[in-house]
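Residue-level structural notes
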Amino acid sequence: MRQATFTTPFAHLWRALAGGIALAAALAAPCAQAQGTGSYPSKTIRLIVPFAPGGSTDILGRLLAQKLGESMHATVVVDNKPGANGTIGCDLVAKAPADGYTVVLGDVGCMAMAKGLYTRLPYDPLRDFAPVSLVARSPLVLTVGAQSPFHSLRELTAAAQAQPGRLNYPSSGTGGPNHLGAELYAMQARVKVGHVPYKGSAPSVVSLVAGETDFGFLTAVTIASQLKAGKVRALAVAHNERLQSMPDVPTMSEAGLKDFTADAWFLAAVPAGTPKPIVDRLYAEIAKALPAADVKEKLDAMGVLPSGLAPDASARFLRVEVDKWREVIKSAGITLD
């Protein structure tokens, strides 16, 4: 027996409404997926390097861009935005859409030191960024010229204590890692030393070779050729472990200054508010890229230690570094305003 079908004046209205709900759900699905990682990336990712081409940050950025592009099947382009110690590029990313398509590879300067150096910094590293990963660390190396009378950290510190203000050190510019690394040493060792700023790292090394300055805190890649040529001497590594490229050089703690670390580190970050699944996807890809043989080989040659900290750990690291360098900057009375 055929079942009777009843209709009401509202039957067509209810069917139309149900169809509309189904259509809305279908249209919403791609949007929800986009907030995760299902459709990400669907366009070019810009990796902002806030420094000129050729430096450590740029070299590391190009390595990452290549590996991320291959792994994510996407186009990842390096966009150099130098100026104002990296703060121009960082500010650009801080104000970019929080969609995962603009990433910054910042350094210790623009991501941590700048907050203490500038009273009118146009961005807040702790508020305006979502850290993706502490990608790598480039420990500073306490270095003297080959002609220097100092053969250890203890000898250098003893001389600085005996004659306050006589010894001096070079830097690649006021407010940078070389400058503040030396001021951290002065603060912890309780010595008074002079600062000689140069325009770039290369002149800093030349000043040590020529005996114009007495000691410096420089990166391994900066001193590599002069160290190999015997024109400078490495006294200690400002890290909690020795460098593979300098196995005979003690850490600062081993040399006599406990718990001293000063790294020129590199942090990948996106604008605050970027969906967590996208942050996690970027982190996973970076963590996968760092152990690659070709990446490791190039990092070793630069004296750079891969890190690959997860987002939450990277955020905690950044907060500690901001506080640490703000204290050094305040103690030394440094400002760039």
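Quick look at the sheet that holds strand E2 (residues 76-80) now. Ordered by their spatial adjacency, 6 strands build an open sheet running E2-E1-E3-E10-E4-E11, and the pairing between neighbours is mixed. Looking at strand neighbours, the two that pair on one side only are E2 and strand E11 (305-306), the edges of this open sheet. Judged from the 4 bridges that link them, strand E3 (residues 102-107) and strand E10 (residues 266-271) form a sheet pairing that is antiparallel. Following the sheet pairing, Asp107 is matched in E10 by Phe266. Contacting E3, strand E4 (129-137) and E10, helix H4 (residues 108-117) runs over the sheet at an angle of about 70° to E3. Along the sheet, helix H10 (residues 276-289) contacts E3, E4 and E10; its crossing angle with E4, the most-contacted strand, is approximately 5°.

Our focus in this paragraph is the layout of surface pockets. Approximately 790 Å³ is the volume found for the largest pocket. If you go around the largest pocket, you meet 37 residues; those closest to its centre are Phe51, Asp107, Ser172, Pro177 and Ser201. Every element with two or more residues in the lining of the largest pocket is listed here: helix H2 (56-72), H4, helix H6 (177-189), strand E8 (216-219) and helix H8 (220-228). Here the lining of the largest pocket is built from residues that sort into 16 nonpolar, 19 polar and 2 charged.

Their axes nearest at 11 Å, the elements H2 and helix H11 (residues 293-302) cross at an angle of 175°. In terms of axis orientation, H2 runs roughly antiparallel to H11. Judged by residue contacts, Ser56, Ile59, Leu60, Leu63 and Lys67 of H2 engage Asp294, Val295, Lys298, Leu299 and Met302 from H11.

This next bit is on empty space enclosed by the protein. Applying the stated rule across the entire model yields 1 cavity of 30 Å³ or more. Considering only enclosed or pocket space, the largest cavity measures out at about 60 Å³ in volume. In terms of lining, the largest cavity is formed by Leu47, Leu64, Leu68, Val103, Val132, Ala268, Leu282 and Ile286. Among the elements of the structure, H2 and H10 are those that each provide at least two residues to the lining of the largest cavity. Tallied by class, the residues present in the lining of the largest cavity amount to 8 nonpolar, no polar and no charged.

Moving on: the pairing of E10. Burial runs high along E10: 6 of the 6 residues are buried. Note: E4 against E10, 6 bridges, orientation antiparallel. Of the residues in E10, the one forming a bridge with Pro131 is Ala269.

The rules behind the values
- Residues numbered from 1 in each chain as written.
- Predicted model: local features only at pLDDT ≥ 70, side-chain atom pairs only at ≥ 80, totals over all residues.
- Heavy atoms only, no water.
- Pairing = 2+ DSSP bridges.
- Helix = DSSP H or I, 4+ residues; strand = E, 2+ residues; numbered from the N terminus.
- Contact = heavy atoms within 4.5 Å.
- Axes fitted to C-alpha atoms, helices over the stretch in contact; angles between N-to-C directions.
- 1 Å grid on protein atoms, 1.4 Å probe; cavity = no way out; pocket = protein on both sides within 12 Å on 5 of 7 lines; lining within 4 Å.
- Points joined across faces, edges and corners; volume = space filled by probe spheres on them.
- Nonpolar A, V, L, I, M, F, W, Y, C, P; charged D, E, K, R; others polar.
- Parallel < 35°, antiparallel > 145°, perpendicular 65-115°, else oblique.
- Buried < 20%, exposed > 50% of the residue type's maximum accessible area, 1.4 Å probe, protein only.

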